[in-house]
Amino acid sequence: MAVISLKNVSYRYPLEENQVIKNVSFEIEKGQVWGLIGANESGKTSICNIIRGFIPEIYRGELEGEVEIKGKKIESYGDGELASVVGYSFQNPFTQISGVKETVYEELAYGMENIGVPRDEMIDRVEKLIQIFHLEKLKDKNPFQLSGGQKQRVALASMIALDPEIVILDEPTSQLDPQSTEEIFEIIQLLKEQGKTIILVEHKIDLIAEYCDHILLISGGEIGMIGETEEVLTDPKVLTYGGQLPQVVLYFLERRKKTGEKGKIPLTVEQAYKILKKGGRN
Amino acid sequence: MNSSIGKLYPSTKFAVMLLLVIFSIFTPGYVMQYLMFPLVVLISLCAGTGKQFLGTFFKSIFIIILFIFAIQVFIISNEDAQPIWGFLHFSQTGLNDSLSMTSKIVAISSLVICFFQVTNIKDITYALERSGVPKKVTFLISSTIQLIPQMSALSKTITDAQKSRGIETEGNMLIRAKAFVPMLGPLVLSSIQQTEERVLALESRAFSSRTKKTSIYEMKKKTADYILDILCIAGFIAYILWRVM
C-alpha cells in the first residue's frame, strides 16, 4: 500500500495568480527513497509542504485534489499528529531551532516532550542520536551558538528523534562541507535500512543517483519525469526539464555518441568502474 | 545557580520573595524596608550572585532612587520648604515622603532582582508547566529570554553589512545614533520574516500536539523546600496576627 498518495493535486499560494503545482499525481510505497529534483522555483518545496500538511494549514492558499498519508486523508490528522508520522527537515538551518532550549541535548528532546514521550525513553533516544550524529562535543552548547552546518545536523537529529515513518529532507546538505555531507548521507542510508520512506530534495545529483531508488522530476509545477532512478537519470530528456544528470552518465552518453556502443549506462562511479574494468580500461 | 539557594525549587524561592514583599508593603515606616537591602545582599552573596546583584541594582534602581530624593527633597515645593539657592529648597516633608517611597522601591526591586538572578528561567518554566500553566505561555517566556541574544546577534550582522557598504557606524554619539535608525527597519523585518519559518520548525516538533507534555529536564522539591514552604506559611500567618492584634 502507498504511504504517500497525491491525486490530481494543484496549489496556488495566497494572492498569487498562477498555480505553483499543477495536477500532480503520484504514489510512494513504504520504504522507498525518492529523489525530488528540478530547477529552482519548480515547486519541489511546495510538494514537500503539501505532503507535510503545511499547505494549506499554515501557508493557506487554494489546494485542489486529494492527499493521503498512510491511507488516511491528510486533513483528518489531528493537531501535531502529523509531526510523528512525517518528519521534515528544512533548507534553512538558522530557523530550525526551537528557540526555547538552552542546550543541544534539550533541543533534541523538544519534539518528544511535545508528544509526551516518557523521560527515560527520551534520554535513551537522545543519547543514541548524539552518537549517530556525532554531537558529543556540542550537546552542552546553546543551539544558537552553532554554525550553519552544526545547526542542520541538530535540526535533522531533532526530527529523527520523533521516529517518523516518512522523512522529508529539503536540501539537507546545502550548508554543509563535503565531510558533513557524507555524514548526512550515511544517516540517510541508515534511515533507508530502518525501512523509512524518504523524500530527498537535493541538487547534488551524483548523491541522488547513489542513494535514491526513484526520481520525481518537477518542472514548472508539473511532473516532468517519474520512475526508477536508473531509468530517469540515464535519460538525456532530464536536461530539457531543467534537471541535471550525474557526471558518470554525462560521460557515458558522450562516449556513446563517439563510439556508438550500447548497453547499460552506469549511474555511479562504482558502477562505471566495473563496466570500464570489464571492457579492459583501467 | 549551583549554590544551595540556586538549587531550591522555584516556587519555594518565589514564596520567600512574596512573603518579604508583603512585609515590605504592609509594614509602616521605612526601617524594615531598608533592612531588606542588606538581607538581599547577604542572600545574593550566599547564592554567588552578589557582584551581579550589586551591579544591576546600582546601575538601575539606585539612579531612580537618587532622582526621587532630589525631586522630592529639593525641587517639589512643600509648605515647610526652606530656600537654599534659586529654585532649590529643602523640605522635611519631601524627605519623609521620599524615604517612605524609596524604601519600598528598594525592598521590592531588590527582592525581584535577586529572585531572577538566583533562579534559572528553565527552572521557572519547568515549575510553571508542572503546575498546569499552558505550554504556549511557558514557550512565550522561554522564547522571549532567548530572543534577546538572537536580536543582538542579528543587529550585529546588519551593522556589519551596512559597515561593509560604507555606512559609518562607529564614532561619536551622533554617528552611532544615525547608524542605529537605518538598522531598525531590516532588524524588525528580518525578525518578522523569520517568524513564519519558526512556526514551521515548531510545528515539525509537534508543538500543537494536545498530548500532555513531558520533560527531559527534571527538578524535584527537596526537604529544604518543604521546610521553607512551611516557614513561609507560618511567617505569613504570624505577620497577619501581628498586624491585626
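Thresholds, definitions, all that
- Residues numbered from 1 in each chain as written.
- Chains lettered and ligands numbered in written order.
- Predicted model: local features only at pLDDT ≥ 70, side-chain atom pairs only at ≥ 80, totals over all residues.
- Pairing = 2+ DSSP bridges.
- Helix = DSSP H or I, 4+ residues; strand = E, 2+ residues; numbered from the N terminus.
- Axes fitted to C-alpha atoms, helices over the stretch in contact; angles between N-to-C directions.
- Contact = placed C-beta atoms within 7 Å.
- Domains from an automatic or database assignment.
- Left-handed = near helix turned anticlockwise from the far one by under 90°.
- Nonpolar A, V, L, I, M, F, W, Y, C, P; charged D, E, K, R; others polar.

S.K.: I would appreciate a short explanation of the sheet that holds strand β6 (residues 86–89) of chain A in the present structure.
M.R.: Picture the strands of a sheet paired through backbone hydrogen bonds; they go either parallel or antiparallel. All names here are of chain A. The strand order β6-β7-β8-β3-β9-β10 describes an open sheet built from six strands, whose pairing is mixed. Looking along the sheet, the strands with just one partner apiece sit at the ends: β6 and β10 (222–228). Averaged over neighbouring strand pairs, the angle between their axes works out to 15° when direction is ignored. As defined by bridge partners, strand β3 (residues 33–37) adjoins strand β9 (residues 214–219) across four bridges and the pair is classed as parallel. Across the sheet, residue leucine 36 finds its bridge partner in β9, namely leucine 216. Each of β3, β7 (166–170) and β8 (197–201) is contacted by helix α6 (residues 178–193), which is oriented at about 150° to β8, the strand it contacts most.

S.K.: Would you take a moment to explain the domain arrangement of chain B for this structure?
M.R.: Interfaces are often sized by the accessible area lost when the parts come together. By domain assignment, chain B separates into domain 1 (10–119 + 222–244) and domain 2 (133–203). Taking the mean C-alpha position of each, domain 1 of chain B and domain 2 of chain B sit 35 Å from one another.

S.K.: In this structure, what is going on with the packing of helix α3 (residues 104–114) of chain A against helix α5 (residues 148–161) of chain A? I would like to understand it.
M.R.: Relative orientation and spacing of two packed helices are given, respectively, by the angle between their axes and the distance between those axes. Residue and element names in this part refer to chain A. Put simply, α3 and α5 touch, their axes get as near as 7 Å, and they point 35° apart. Once α3 is placed against α5, the crossing between them reads as right-handed. Listed contacts from α5 to Val104, Glu107, Leu108, Ala109, Tyr110, Gly111 and Met112 of α3 are Val154, Ala157, Ser158 and Ala161. Of the residues belonging to the contact of α3 with α5, the class tally is eight nonpolar, two polar and one charged.

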